[in-house]
Structure formats: C-alpha cells, structure tokens
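Reading the structure
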There are 2 protein chains.
Amino acid sequence: MEKLNIDKVAKLAHVSRSVVSRVLNNHPNVSDEARSRVMSVVEEYNYRPNSVARSLATSSTYQIGVLSGIFGEESLGNGYWTLLYLGIFEECIRNGYYVRLSFYNSEMKKELHDLILNEHHLDGVICLNEEVTEFTLQTFEDSDIPIVLVGHNPKYPEIPSVDVDNYDAAYKATDHLVQLGHKDIGGMFGDQNVQETEHRMRGYQDALCNAGIEPKDDYTAVGSYSQHDGHDTMEEWIKKHDDMTAVFCASDTLAMGTLLALFENDISVPEQFSVVGFDGLPISKYMIPPLTTVAQPTYGKGEKAAKLLIEKIKNKDARVRHASLKPELLVRKSTAKLS
Amino acid sequence: MEKLNIDKVAKLAHVSRSVVSRVLNNHPNVSDEARSRVMSVVEEYNYRPNSVARSLATSSTYQIGVLSGIFGEESLGNGYWTLLYLGIFEECIRNGYYVRLSFYNSEMKKELHDLILNEHHLDGVICLNEEVTEFTLQTFEDSDIPIVLVGHNPKYPEIPSVDVDNYDAAYKATDHLVQLGHKDIGGMFGDQNVQETEHRMRGYQDALCNAGIEPKDDYTAVGSYSQHDGHDTMEEWIKKHDDMTAVFCASDTLAMGTLLALFENDISVPEQFSVVGFDGLPISKYMIPPLTTVAQPTYGKGEKAAKLLIEKIKNKDARVRHASLKPELLVRKSTAKLS
DNA sequence: TTGTAAGCGTTATCAC
DNA sequence: GTGATAACGCTTACAA
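Rules behind the numbers
Residues numbered from 1 in each chain as written. Chains lettered and ligands numbered in written order. Predicted model: local features only at pLDDT ≥ 70, side-chain atom pairs only at ≥ 80, totals over all residues. Heavy atoms only, no water. Helix = DSSP H or I, 4+ residues; strand = E, 2+ residues; numbered from the N terminus. Rg over C-alpha atoms; globule rule 2.2 N^0.38 Å. Buried < 20%, exposed > 50% of the residue type's maximum accessible area, 1.4 Å probe, protein only. Contact = heavy atoms within 4.5 Å. Areas by Shrake-Rupley, 256 points an atom, 1.4 Å probe, with all protein chains shown as cover. Lys, Arg positive; Asp, Glu negative; His and termini not counted. Charge placed at Lys NZ, Arg CZ, Asp CG, Glu CD. Buried area = accessible area lost by both parts, 1.4 Å probe. Salt bridge = Lys/Arg side-chain N within 4 Å of Asp/Glu carboxyl O. Nonpolar A, V, L, I, M, F, W, Y, C, P; charged D, E, K, R; others polar. Near = heavy atom within 4 Å. Polar contact = N/O pair within 3.5 Å; in protein donor to acceptor, adjacent residues only side chain to side chain. Domains from an automatic or database assignment. Pairing = 2+ DSSP bridges. Axes fitted to C-alpha atoms, helices over the stretch in contact; angles between N-to-C directions. 1 Å grid on protein atoms, 1.4 Å probe; cavity = no way out; pocket = protein on both sides within 12 Å on 5 of 7 lines; lining within 4 Å. Points joined across faces, edges and corners; volume = space filled by probe spheres on them. Phe/Tyr/Trp six-rings, centres within 6.5 Å; stacked < 30°, edge-to-face > 60°. Least-squares fit on C-alpha atoms with pLDDT ≥ 70 in both.

Chain A appears in an unreviewed UniProt entry as LacI family transcriptional regulator from Rhodohalobacter sulfatireducens.

Here you go:
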C-alpha cells in the first residue's frame, strides 16, 4: 500500500499522466477504454490525487475561511455561533469545499494579512459581522478574494450579505407584548455599533408607537448580548421602574440573564412579568420558564452565506445579493396577558 | 502591488532564490548584508511566501484537523464544544498551525478516507471521542498521521489522549450531596458506550457506598447528554420515586432539563430537591437557580490536546501520553441541606 | 556564503 | 484521443 502519484497510476494503467488527469477531472476526449483502465487502477489502489499539488497548479484551494470574533465565554456558549457555523460547514461540504475557521480580534491584523497575502490559501471568506472591523472589511474589499458578510453593513453595499429582517423580528416580538395588554415595555439591545441594533430598536419603537405607546428613553438599554448584561440591566430596572411589566430582549442570552434577575427578586414570570427573547436558540426551550422568542433561521443564515459565497467564487461577476431571511415568533411560557 | 513570488524578490534583492528561502526560514549561512537586503524587499512589498507551494515542497501543511461528531441541535448549543474548540484553536495558532474543522457522522467514511489518503492535507488530527467510531480510530492508527483523542478509549492505548478525571469529578459531586445529608440520590448519565460514562458511574456509586448508601439500579439512568433526556428522565422519576431528594447529572445540559422538569412539577430547588451538574459551562451560572456543578477545564482540555498533538507532529516517536485534568466543584444555588 | 538545479504532484497547452 | 512538456512557487542537496 505504498504512496501513489499520478505517474505511477499512469504507468499501471499504461497511459500517460495527462490521461489520468483528464479522467480524474471528468474532461472530455478520453476513450472509454483508457478511462476504464485508469479507473480500475484508481480503485484497486485507492488512489487520491494530492490536493496540495492540485491547488498549486490550479491556484484554487477549495478552502473557504470563516472569520469570527473571539467573544467572551458567555456568548461563545450560547449556541448561536455553533449553529451558524454548522450551516456554513454543511453547505460547503456538499459543494466540495473545506472550511477553515479563524477567530479574530482586533490585534490580529497580522493573521488577517497573512490570510490575504498568502492568497492561494483561501478561495473565499465568510465574515461574521460582529467584531469585524472597518479595517478588515476594507482589506478584503481591496483584495479580490470573494467575501460575504453575515449581518449587514451599509457602508459596504458591494459585499454580499445575509441577514434576518431585524426590524420585522423586533416588531413582532414587541407587538406580541402589546397584544397581551402590556404598556410599559422595556427594550434591551446588544452591540451599539451594528446596524442590526438600530433596526431592532426601530422595530421595537414602531410597534410601541403604532399602539399609541410613547417609547421612553430610560426603558431602553444598549450594551452587549451577554447574560451578564441582561442580568444587570434587569436588576437595575427592577429597582428603578415599578411600572414596567414586560421586556423585549434582543437576544436569548440577554433574556436568560433577565430571567435570573427576575427570579432572584421573586418576581414570577409570566404571572407578574413577561419576557420575550430573540434568536430561538435551542436552549431557550429549556429556560425557566421556556422562553417566548422570535426565532431567526440561524442554521439557514449560515447555509445561505455559504451558498452566496460559493456562487461568487464560481462567478466573480455575479450580481451582489443581500439576502434577508424571515423570523418567526415562538410563543412559549414566558409571556402572558397583563393582569 | 502586483503579485510577487520568490524569484521576483530574489531579483529585487540581487540574490538568488535560495538566499531568499534561507532568510525566510531562518536558516544559517546567510550574510548579514544579504539578509538585510532581502528583508527590506520583503517588507517594502509585503511579500509572503505561498504556503501551498511550500507545503508541496515540504509535504507538511501546518494544518491540523479537528474531527467532531455532528450532534443534535441541543448538544451543539451547550457551549462545551465551542469552548473546547477555542482551546484547540488558540494553542494551534500560537504555534503557527491552522485548524480545519470537520464534522463527522458514521456515514461519512468517504470524507474520512479522503482526509487520510490525500495525506498531504493534514499534519495531524484531534478526534473528539464521542461519536468517533472504532473504524475511524483504527484507520488513523494504521496510517502514520499523528492523532490525539479528547476523552479516552482504553482500546487504543497507543493514541495519546486528554481527559478529565471523570471518576474523581463524579465522586466529588455525589459526595457533596451526601455531605448535605441526602441519601436518595439519583444519577443521570450520558452516552452508554464511552469509558467516561463508566468512570462517572463508578465515582457516583463509590461516593454512595463509602457513605453507607446502597446504590439502586432504578435510581440510575443512562441515555444522552441532552436537555431533552434530562427533562424526561426527571419527569419520570418524579412520578416513580417519592423518596428521591437529589440528583447528580453527568452534564450541565442534563441538569438544565432536570431543572425544568422540577419547575414544571412545582418542586422548588434547592428547598425540596438538590441538583448538581457536570461541566461548569458558562451558562450553568445563569440557570434557575444557578447550578452547582463540577467544572472541568474544557478550554484547557482543548489546549492540552493541541499541545500533545503538536508535540507528536514535531517528534513522531515521542512517548505516548495520557493527560488527566482535575475537575473542581463549584457550589452555587441548586444544592442545599436536606431538611 | 552563494547559486544552480532537481524535485514536490498536479494541470494545461500543444503538437501529434 | 493521446502524450510530451512547461508551468505553479517553494525547499534543499550539491556544487561552486
């Protein structure tokens, strides 16, 4: 079972190395006889072409990169990321691409540069919007390596992107609370600098306005998506805002922290207080009580991102597309009629 | 800013291509003058050697693979996996290795074969024990590509591995319950086929025995690590076992499901029932109530696995090592004295 | 210390 | 339809 290469296969099949290459790449112009001779050798010896050599010759690696921020422990554990990644991964594999994962933080410009400048490394890159800096995006836009963004950044209309309809999702979630009779509804949001936050805030505010409720500034908090922030913000609001009876959290993790703060203060959900989350993470079903949340198709986002990227790799001049996926409200046990 | 290659750099620096190569690889026997000429060209043009070509020449890719089962949604979201992966990833990057992630399920023998047979692909592989089949392990052992296992499989003593001391961890957790005065203590375990489960069960049983408590068969459940299983098992036990006052769950996710079942049945934790988990996931801190759990150094496990692998890559004949990491009991709010 | 030249295992371009 | 042969960009004897 020694190591074969294309020449040895050629010799065994009594053809030239070019014929072997043609057979392996499904190129035309090879006789049935030659083809079958080659194939039987390939199968007998279980020969596989060396992909490194192939990459060198074709300057395409069939590897795509995923660039993701290094988040704190808490966000890492929330499952959003893994689900997204799985969507990307499976779609890539289906298309014969391998995936290389890189975490990234702002000090890692070097890694990034190497990524791009060693060009042959990657056929394309998927960037997860959060934490990706202007610099990063700019660098990619300047190079000609295809890239797609998960999330959306209005500054780079030329970069294809995949996102949920954040406005619609936040609107649905808030409106659900409104329909239940709530009037004093807090809104907890994540990362300040991302357009996604802006959209979610607008959805929240519009749902309120359309119901004749005036959004109040001190009922709104913007911080991070962590459980920690959810907990601390709720803690504070419990002390300050006696009237508040419900809250819309812009992530399930935020909601998880919120639920804990409520529990610690003996406020029962949903009897005394309603909570709705955002994401529809697998764990949200097991929160106490099971969380009402607007689910976004996280796996689908990843899958779509991979699809767009591969499309762009295969046809660099393809029209730039910005996909927007639909969220869905999942009503569970953390919300109830205002009594 | 056109694309450079080693020859162009050589020309610009007025040296031969070998000198450039030597400089870039820190080989000796280069005059200071030549070195500095090369370096200044490299910096001016920001030249980076093409890693594919380099791989072809050296037949080492500086890529390591992580082989992981495709779990159901629930387990994916539990954060264990991500933390482990992060540990692996960061240690690899620190050593100049890139990471390629592959999910794997039993039908994917093809992918696996390609992985190995295209040999030049990967310098080494880290296998996550769960879900890795005999076939997989055997295949790797037969090839000469270095591999390390996260978890432990006694059938392959020749494969280096990293694990926590599962016995010790389970013992500590159970003993904690015993010390609080509990006598009727359930034990919920994960995957049947893994040695880890056996060790955790023994730790649980020994802690009981040493306290003069007889472990009962119907107080023990073995299934999966999912929240779902935790929930259903607890649900059943609530109906069947009136005496039970505490449970040791062999994962935090199992505990999360357990907590929900208890909540749904109006059994308050820890006043009427104590729960201890296993893993110390970031989310365990935000469960309701915050979970008492034996934390395993998940990130550290990944880090250690990467260390062992890289060591083995650099020295194929290194002694086989089986690392065993220490767990730590985190007492939070889900356990209390039996009243 | 430096340069020449032979690989590494493919694909791709041409004659035939 | 087939087979030389030249890339692809690098490392590494070996010779100078």
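The discussion continues.
Along the backbone of chain A there are 13 helices and twelve strands. Relative to a compact globule of 339 residues, whose C-alpha radius of gyration would be 20 Å, chain A shows 26 Å and is clearly more extended. Viewed in the frame of its principal axes, chain A has a C-alpha envelope of about 85 × 40 × 35 Å. Relative to its 339 residues, chain A shows a buried fraction of 55%. Relative to all contacts within chain A whose residues are 6 or more apart in sequence, the contacts with residues 24 or more apart total 71%. Accessible surface for chain A amounts to roughly 14500 Å². Of this, 48% is attributable to carbon and sulfur atoms. In chain A, 34 positive and 49 negative side-chain charges are present, and the distance between their average locations comes to 10 Å.

Turning to the interface of chain B and chain A, a few remarks are in order. One frequent convention defines the size of an interface as the accessible area lost when the parts assemble. Listed as interface residues are 57 residues of chain B and, on the opposing side, 57 residues of chain A. Around 5400 Å² of area is buried between chain B and chain A when both sides are counted, 68% of it from carbon and sulfur atoms. Interface area lost by chain B to chain A is led by Y98, Y286 and I288 of chain B, which between them contribute 15%. On the surface where chain B and chain A come into contact, there are zero salt bridges. Contributions of two or more residues to the side of chain B that touches chain A are made by α4 (51–58), α5 (73–76), α6 (80–94), β2 (98–104), α7 (109–117), α11 (227–240) and α12 (252–264) of chain B. Looking at the side of chain B that touches chain A element by element, the count peaks at eight residues for α6 of chain B. In the side of chain B that touches chain A, the residues fall into 29 nonpolar, 18 polar and ten charged.

Enumeration according to the criterion identifies 24 salt bridges over all chains in this entry. In this structure, R202 of chain A engages E198 of chain A in a salt bridge whose closest nitrogen and oxygen atoms are separated by 4.0 Å. In this pair, R202 of chain A and E198 of chain A both sit in helix α10 (residues 195–210), four residues apart, roughly one turn of the helix. With a relative accessible area of 39%, R202 of chain A lands in the partly exposed category. Note that K326 of chain B is salt-bridged to D165 of chain B, the shortest N-O span being 3.3 Å. Separated by 161 residues along the polypeptide, K326 of chain B in the loop between β11 (322–325) and β12 (328–330) and D165 of chain B in the loop between β5 (161–164) and α9 (166–179) bring together distant segments of the chain. A single salt-bridge network, built from bridges that share partners, covers E91, R94, E303 and K307 of chain A.

What surrounds DNA strand C is a group of 27 residues, the closest being I6, S21 and Y47 of chain A together with R22 and S31 of chain B. Counting only the atoms of DNA strand C within 4 Å of the protein, the fraction contributed by sugar and phosphate is 55%. N25 of chain A is positioned such that a nitrogen or oxygen atom in its side chain is 2.9 Å from a phosphate oxygen of DNA strand C. With respect to DNA strand C, the side chain of R54 of chain A contributes an N or O atom lying 2.9 Å from a phosphate oxygen. For the surface near DNA strand C, the secondary-structure elements that each account for two or more residues are α2 (17–24) and α4 (51–58) of chain A together with α2 (17–24) and α4 of chain B. Among the residues making up the surface near DNA strand C, the classes are represented as eleven nonpolar, eleven polar and five charged.

Time to look at the domain arrangement of chain A. All names here are of chain A. Along its sequence, chain A is carved into domain 1 (6–58), domain 2 (63–163 + 299–325) and domain 3 (166–296). Centre-to-centre, using C-alpha coordinates, domain 2 lies 29 Å away from domain 3. On the side of domain 3, eleven residues touch domain 2, which itself brings ten residues to the contact. For the pairing of domain 2 and domain 3, the buried interface totals around 960 Å² over both sides, and the portion due to carbon and sulfur atoms is 51%. For the pair domain 2 and domain 3, the number of links is zero salt bridges. Split by residue class, the side of domain 2 that touches domain 3 holds three nonpolar, four polar and three charged.

Quick look at the sheet that holds strand β10 (residues 292–295) of chain A now. Residue and element names in this part refer to chain A. Within the open sheet, the six strands sit side by side as β7-β6-β8-β9-β10-β12. Their pairing is mixed. Each having just a single partner strand, β7 (220–222) and β12 (328–330) make up the two edges of the open sheet. Neighbour-to-neighbour, the strand axes of this sheet turn through a mean angle of 15°, independent of strand direction. Relative to β7, strand β6 (residues 185–189) runs parallel, the two sharing three bridges. In the strand pairing of β7, F189 is matched with V222. Most of the contacts of helix α12 (residues 252–264) go to strand β9 (residues 274–279), to which it runs at about 155°, and overall it touches β6, β8 (246–249), β9 and β10.

A complete count under the given rule lists three cavities of 30 Å³ or more for this structure. When its volume is computed, the largest cavity comes out at roughly 80 Å³. If you go around the largest cavity, the residues you meet are M256, L259, Y286, M287 and I288 of chain A together with M256, L259, Y286, M287 and I288 of chain B. Of all the secondary structure elements, the ones that give two or more residues to the lining of the largest cavity are α12 of chain A together with α12 of chain B. Along the lines of polarity and charge, the residues of the lining of the largest cavity split into ten nonpolar, no polar and no charged.

Residue and element names in this part refer to chain A. Throughout the structure, instances matching the rule amount to 17 aromatic pairs over all chains. Relative to F89, the ring of Y85 has its centre 6.3 Å away and its plane inclined at 25°; by these criteria the two rings are stacked. Of this pair, Y85 and F89 both sit in helix α6 (residues 80–94), four residues apart, which is roughly one turn of that helix. Neither Y85 nor F89 differs from the other in exposure class; each is buried.

Turning our eyes to something else, we now look at the environment of D243 of chain B. Residues and elements named next belong to chain B. Within the secondary structure, D243 sits in the loop between α11 and β8 (246–249). Note: C-alpha distance between D243 and Q179 (64 residues apart in sequence) is 17 Å. Excluding residues that lie within four positions of it along the chain, D243 makes contacts with D184 and Y219.

A separate point is the relation of the copies chain B and chain A. You can overlay chain B on chain A at an RMSD of 0.1 Å; the transform is a turn of 180° with a shift of 0.0 Å along its axis. When the rotation and shift are considered jointly, the pair of chain copies conforms to a two-fold rotation axis. Among all residues of chain B, the one whose C-alpha sits closest to the rotation axis is R100 of chain B, at a distance of 2.4 Å.

Attention now moves to the protein's contact with DNA strand D. Taken together, 27 residues surround DNA strand D, and among them S18 and R22 of chain A together with I6, R17 and Y47 of chain B come closest. Take N25 of chain B: an N or O atom from its side chain is 3.1 Å from a phosphate oxygen of DNA strand D. Here the residues of the surface near DNA strand D sort into eleven nonpolar, eleven polar and five charged.

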